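The lines below spell out each chain.
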Amino acid sequence: MCHLTIEKALKGFFAKNIQKNPPKTHDLNYLCKNLNLKLPEELQRFMDSLNDLSVPTRYPDEIEKLIKDYNKIRVKDILKITKRLLSWLKENI
């Protein structure tokens, strides 16, 4: 859901600032590029990794592997950085 949160925020900013419907994509980097956003390096690295999680979470066959790869501590870190990224987006768009 972290990916979806950032995706919807970017699409909302796109619709508000460009006053057009946002592109039909799940690619966070593509959306940032269209908004002319330059993220701080740490947040950009995080967005790259978050971007890679979008597709596997949409397919049930991948869920078991993800559950093994993402323990509670890792998920809490992802949630924490997602909140920081969302705050940065709100302040900079």
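Up top is the structure these notes are about.
These lines cover the structure that appears in this document, whether it is placed above or below. Predicted model, so just to flag it, every value in this text is computed and none were measured. (Residues numbered from 1 in each chain as written. Predicted model: local features only at pLDDT ≥ 70, side-chain atom pairs only at ≥ 80, totals over all residues. Heavy atoms only, no water.)

A word on the packing of helix α3 (residues 41-53) against helix α5 (residues 72-92)
Between α3 and α5, the least distance of the axes is 11 Å, while the angle of their chain directions is 120°. The element α3 and its partner α5 pack so that their crossing is left-handed. Along the contact surface, α3 presents E42, L43, F46, M47, L50 and L53, while α5 presents I78, I81, T82, R84, L85 and W88. By residue class, the composition of the contact of α3 with α5 is nine nonpolar, one polar and two charged. (Axes fitted to C-alpha atoms, helices over the stretch in contact; angles between N-to-C directions. Helix = DSSP H or I, 4+ residues; strand = E, 2+ residues; numbered from the N terminus. Left-handed = near helix turned anticlockwise from the far one by under 90°. Contact = heavy atoms within 4.5 Å. Nonpolar A, V, L, I, M, F, W, Y, C, P; charged D, E, K, R; others polar.)

Thoughts on the nonpolar core
Ranked by size, the top nonpolar core spans 23 residues in total, and within it I6, L10, L39, M47, L50, L85 and L89 carry the most contacts. Of all the secondary-structure elements, those providing two or more residues to this core are α1 (2-18), α2 (28-34), α3 and α5. For this core, the leading source of residues is α1, giving six residues. When neighbours within four sequence positions are excluded, L10 is seen to be in contact with L28, L31, C32, L35, L37, M47, L89 and I93. (Core = buried A, V, L, I, M, F, W, Y, C linked by side-chain atoms within 4.5 Å. Buried < 20%, exposed > 50% of the residue type's maximum accessible area, 1.4 Å probe, protein only.)

Quick notes on the packing of α1 against α5
When two helices pack together, their arrangement is given by the angle between the helix axes and the distance between those axes. Here α1 crosses α5 at 5°, and the two axes come no closer than 10 Å. In this view, α1 runs roughly parallel relative to α5, as classed from their interaxial angle. Residues C2, T5, I6, A9, L10 and F13 of α1 pack against I78, L79, T82, L85, L86, L89 and K90 of α5. When its residues are assigned to classes, the contact of α1 with α5 shows 10 nonpolar, two polar and one charged. (Parallel < 35°, antiparallel > 145°, perpendicular 65-115°, else oblique.)

A word on α1
Taking 1.5 Å of rise per residue, 17 residues should cover 24 Å, and α1 covers 24 Å from first to last C-alpha, within 8% of that figure. Looking only at α1, the buried set comprises C2, H3, I6, E7, A9, L10, K11, F13 and F14. Next to the buried residues of α1 lie α2, α3 and α5. After α1 finishes, the residue Q19 shows a positive phi value of roughly 55°. (Expected span 1.5 Å × (residues − 1).)

Some remarks on the packing of aromatic side chains
Any two aromatic rings considered together are summarised by their centre-to-centre distance and by the angle between their planes. Evaluation of the coordinates by the stated rule reveals zero aromatic pairs. Of note, R74 hangs over the ring of Y70, and the distance from its end group to the ring centre comes to 4.0 Å. (Phe/Tyr/Trp six-rings, centres within 6.5 Å; stacked < 30°, edge-to-face > 60°. Lys NZ or Arg CZ within 6 Å of the ring centre and 35° of its normal.)

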